Amino acid sequence: MKKARLRRSMQEKLFAYYMKHAVIDPREQIQAKQAAVDICTELRSFIHTRLPDMPLRDMYLSGSLYDDLQVVAADHVQLMVPLVLEKNLWSFIPGEDTIMNIPGFYLVRRENMEYFPRGSSYWDRCIVGGYLSPKIVTDNFEKVVTGSINWPAIGSILGYVIHPVVSTDTVTLEIQFDTNQRLFIDFLPLTVMGNTMLIAKPHRLEKYENMWRETFRTVETAKLRALDEEDGGCRCICLKIMKAICRFTPALSKLNSSQLINVVLHISEKEADWSQAALADRFLQVVKELIAYLEGSSLPCIFNPKVNLFSELTPEEIDELGYTLYCSLSDPETLIQTSN
């Protein structure tokens, strides 16, 4: 009886935390999305005008804001920039098939150089050692986005304050669209071949800077939402609570959305009850499963078990994450009191 009361109490506190800290005001979401559309329109127009020969598919906006999975604030989106690569000139080489042996990353190799010499493809200018370098592709876009566009002038026309963010690995714009509201837009080149989507988001280690990262974000979020729609489940609510906790808890800030989604999806394969009434139980199960994965320093991607989603964490970071979550088991409510 006492255990049931405690579960109800935890349940109520989780829902209260969700409404107070995870849910974003719809008006703020609308404003952020409009600002993102305005910036995307300007960038598309500028690139098509200044670089008409650059082979790109239509840019599009993406990220958790568009999946209703963003938490705390509507402050981050990705502007996806799809490169057009000639199928007969380029191939994707899985990282595990290279000397670097790194699943989840790919080399994009230039092919048929003897028949189509360097210069036959627009992207040959971004080759390093026979491979398309995501770093050089990103650097080229950075010159355009941060060096060629007069953002203060465009911002004054649109009613925003816009300036590039100095970053070492991504091209990012910061847009102030209200007095206390800022939006960060990451400019993210990508390329697709078959069912494989690669993005120019580098590995943490510089020695892998010429490798492209495989992204599963689209299929991860689609699977998560489909499962909730099938059974009216609380997976997305549980995920958003965990994301908010990680955002408010510095010791958990290294956990990212993809890792959390995969834990929820793994649990979904063996746990059927994701009803709203089971939120407290599922939340605690997510915490316990995370601890178990951290203890093994391995979290297999549900769409490709060869990929360890913890591979870029250092042993010290894994220890800190595991310790913080383990300490919360004796009193799980401490996780949702950090920002109150």
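Scoring rules and cut-offs
- Residues numbered from 1 in each chain as written.
- Predicted model: local features only at pLDDT ≥ 70, side-chain atom pairs only at ≥ 80, totals over all residues.
- Heavy atoms only, no water.
- Helix = DSSP H or I, 4+ residues; strand = E, 2+ residues; numbered from the N terminus.
- Buried < 20%, exposed > 50% of the residue type's maximum accessible area, 1.4 Å probe, protein only.
- Contact = heavy atoms within 4.5 Å.
- Areas by Shrake-Rupley, 256 points an atom, 1.4 Å probe, with all protein chains shown as cover.
- Lys, Arg positive; Asp, Glu negative; His and termini not counted.
- Charge placed at Lys NZ, Arg CZ, Asp CG, Glu CD.
- Salt bridge = Lys/Arg side-chain N within 4 Å of Asp/Glu carboxyl O.
- Phe/Tyr/Trp six-rings, centres within 6.5 Å; stacked < 30°, edge-to-face > 60°.
- Lys NZ or Arg CZ within 6 Å of the ring centre and 35° of its normal.
- Pairing = 2+ DSSP bridges.
- Expected span 1.5 Å × (residues − 1).
- Arc of directions from axis to C-beta.
- Polar contact = N/O pair within 3.5 Å; in protein donor to acceptor, adjacent residues only side chain to side chain.

> An account of the overall build of the protein is needed here, citing residue identities and associated values.
A tally of regular secondary structure across the protein gives 9 helices and 13 strands. Looking at the protein as a whole, 49% of its 340 residues qualify as buried. Pairs at least 24 apart in sequence give 64% of the contacts found in the protein among residues at least 6 apart. Carbon and sulfur atoms provide 53% of the accessible area of the protein, an area that totals close to 16700 Å². A distance of 3 Å separates the average location of the 36 positive side-chain charges in the protein from that of its 43 negative side-chain charges.

> Help me get a handle on the pattern of salt bridges, residues and values and all.
Counting across every chain of the model gives 17 salt bridges. Lys-135 is paired through a salt bridge with Asp-139; the nearest N and O atoms lie 3.2 Å apart. Taken together, the residues Lys-135 and Asp-139, both in helix H3 (residues 134-147) and 4 residues apart, mark about one turn of the helix. Overall, Lys-135 belongs to the partly exposed group, its relative accessible area being 37%. We note a salt bridge from Lys-270 to Glu-289, for which the minimum N-O separation is 3.3 Å.

> Tell me what's going on with the side chain of Glu-28, and back it up with residues and numbers.
With respect to the helices and strands, Glu-28 occurs in helix H2 (residues 26-50). No salt bridge is formed by the buried Glu-28; the nearest opposite charge belongs to Arg-247, separated by 7.8 Å.

> Please set out the packing of aromatic side chains residue by residue, giving values where relevant.
Per the stated rule, a full pass over the model turns up 4 aromatic pairs. With a centroid separation of 6.1 Å and an interplanar angle of 65°, the aromatic rings of Phe-92 and Tyr-106 are classed as edge-to-face. Here Phe-92, found in strand E3 (residues 90-94), pairs with Tyr-106, found in strand E4 (residues 105-110); they are 14 residues apart in sequence, far enough to count as distant. For the pair shown, Phe-92 and Tyr-106 are each scored as buried. Here Phe-141 and Phe-187 contribute two aromatic rings whose centre-to-centre distance is 5.2 Å and whose plane-to-plane angle is 65°, an arrangement assigned as edge-to-face. Of this pair, Phe-141 sits in helix H3 while Phe-187 sits in strand E9 (residues 181-193); the two residues are 46 residues apart in sequence, bridging distant segments of the chain. By relative accessible area, which is 4% here, Phe-187 ends up buried. Three or more aromatic residues joined by ring pairs make a cluster, and in this case those are Tyr-122, Trp-123, Phe-141 and Phe-187. Note that Arg-125 overlies the ring of Tyr-122, its terminal NZ or CZ placed 3.7 Å from the centroid.

> Kindly report on the pairing of strand E2 (residues 76-82), identifying the contributing residues and their values.
Counting buried residues along E2, 6 of its 7 residues qualify, which places the element largely inside the surrounding structure. Across 3 bridges, strand E1 (residues 60-62) lies against E2 in antiparallel orientation. Bridge pairing links Ser-62 to Gln-78 in E2. Of the strand pairs in this sheet, E2 and E9 are connected by 7 bridges, and their pairing is parallel. Its bridge partner lying in E9, Val-81 is registered against Pro-189.

> Break down helix H9 (residues 315-328) for me, with residues and values.
Helix length check: H9 (14 residues) gives 20 Å between terminal C-alpha atoms against 20 Å at 1.5 Å per residue, within 8%. Within the span of H9, buried status applies to Glu-317, Ile-318, Leu-321, Gly-322, Thr-324, Leu-325 and Ser-328. For H9, the arc enclosing every buried residue in end-on projection is 160°, short of the 170-degree limit, so these residues lie on one face. Exposed residues lying more than 90 degrees from the buried face of H9 are Pro-315, Glu-316, Asp-319, Tyr-323 and Tyr-326.

> Lay out the side chain of Thr-98 with the relevant residues and their values.
The topology assignment puts Thr-98 in the loop between E3 and E4. Assessed through its relative accessible area of 15%, Thr-98 is described here as buried. Within polar-contact distance, the side chain of Thr-98 engages the backbone oxygen of Gly-95 at 2.7 Å. For Thr-98, the contacting residues outside a window of four places in its chain are Ile-93, Leu-107 and Met-211.

> Tell me what's going on with unusual backbone geometry, and back it up with residues and numbers.
The phi dihedral of Asp-68 falls on the positive side, at around 55°, and the residue is not glycine. Asp-68 sits in the partly exposed class, given a relative accessible area of 40%. The phi dihedral of Asn-112 is positive, around 55°, even though this residue is not glycine. Within the secondary structure, Asn-112 is located in the loop between E4 and strand E5 (127-128).

Interpretation note: all reported values are geometric properties and have no functional meaning in isolation.
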